[in-house]
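What follows is the residue order along each chain.
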Amino acid sequence: MKTIEQELHTTFKNDFLKARLNIHFTHNFLNNFAQTLFKSYGLSPSQYNVLRILRGQHPQMASIGLIKERLLDRNSDVSRIVDRLVAKNLIHRNECPNDRRQKDVIISDNGLALLLKIDNCEQTLDAQLQYLTPTELSQLNLILDKLRNQ
């Protein structure tokens, strides 16, 4: 097992800096793996995230605002992601009957079918964490939640 110091060929002035860079480096490692997997299905990680949100809402419609609230990457341009998913026939977009400025979206049958295929790859993504015990996974989740909820 390589340490962060070995990966980056450096030392750190303190454990705070080491932890911050370790989290960032590990995020990039996991994200690059996921990007490669989703790319094989013609999706970006953000597009996959939107499809999962819409599947969770199915059969209800979802507003752009709801999607933005639930996105993992809150800096994403939701309208552009939705446009691309509509073009791929993975979701449908409709004008909201109560507010014509608002657009409601729903996952299509094609989108649901694609997610089913990707669901079969969840084990491939989970394998990136296979070296952690169930206790370590619980501790990691607790620590990460604690960091975000200061």
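You'll find the structure just up there.
Residues numbered from 1 in each chain as written. Predicted model: local features only at pLDDT ≥ 70, side-chain atom pairs only at ≥ 80, totals over all residues. Heavy atoms only, no water.

(A) Focus on the sheet that holds strand β2 (residues 91-95). Across the sheet, 3 strands lie side by side as β1-β3-β2; this open sheet has antiparallel pairing. Two strands lie at the open edges of the sheet, namely β1 (62-63) and β2, each paired on one side alone. Where β2 meets strand β3 (residues 103-107), 5 bridges bridge the pair, whose relative direction is antiparallel. Its bridge partner lying in β3, R93 is registered against V105. (Pairing = 2+ DSSP bridges. Helix = DSSP H or I, 4+ residues; strand = E, 2+ residues; numbered from the N terminus.)

(B) Examining the packing of aromatic side chains more closely. Taken as a whole and assessed by the stated rule, the structure comprises 1 aromatic pair. Summarising the aromatic geometry, the rings of F38 and Y48 are spaced 4.1 Å apart at their centres and angled 25° between planes, so their arrangement reads as stacked. Of the two residues, F38 sits in helix α2 (residues 15-39) while Y48 sits in helix α3 (residues 45-57), which places them 10 residues apart along the sequence. Relative accessible area serves as the criterion here: at 6%, Y48 is assigned to the buried category. (Phe/Tyr/Trp six-rings, centres within 6.5 Å; stacked < 30°, edge-to-face > 60°. Buried < 20%, exposed > 50% of the residue type's maximum accessible area, 1.4 Å probe, protein only.)

(C) View of the layout of surface pockets. The computed volume of the largest pocket comes to approximately 2,400 Å³. Those elements that provide at least two residues to the lining of the largest pocket are α1 (4-8), α2, α3, α7 (122-126) and α8 (134-148). Of all the elements, α2 adds the most residues to the lining of the largest pocket, at 13 residues. In terms of residue class, the lining of the largest pocket is built from 23 nonpolar, 11 polar and 9 charged. (1 Å grid on protein atoms, 1.4 Å probe; cavity = no way out; pocket = protein on both sides within 12 Å on 5 of 7 lines; lining within 4 Å. Points joined across faces, edges and corners; volume = space filled by probe spheres on them. Nonpolar A, V, L, I, M, F, W, Y, C, P; charged D, E, K, R; others polar.)

(D) Here's a closer look at the nonpolar core. Counting 26 residues, the largest nonpolar core has F38, L43, L51, L54, I67 and L85 as its most contacted members. If you tally residues by element for this core, the top one is α3, at 5 residues. Here L51 is in contact with L43, L85, L90, I91, I107, L114 and L115, once residues within four sequence places are set aside. (Core = buried A, V, L, I, M, F, W, Y, C linked by side-chain atoms within 4.5 Å. Contact = heavy atoms within 4.5 Å.)

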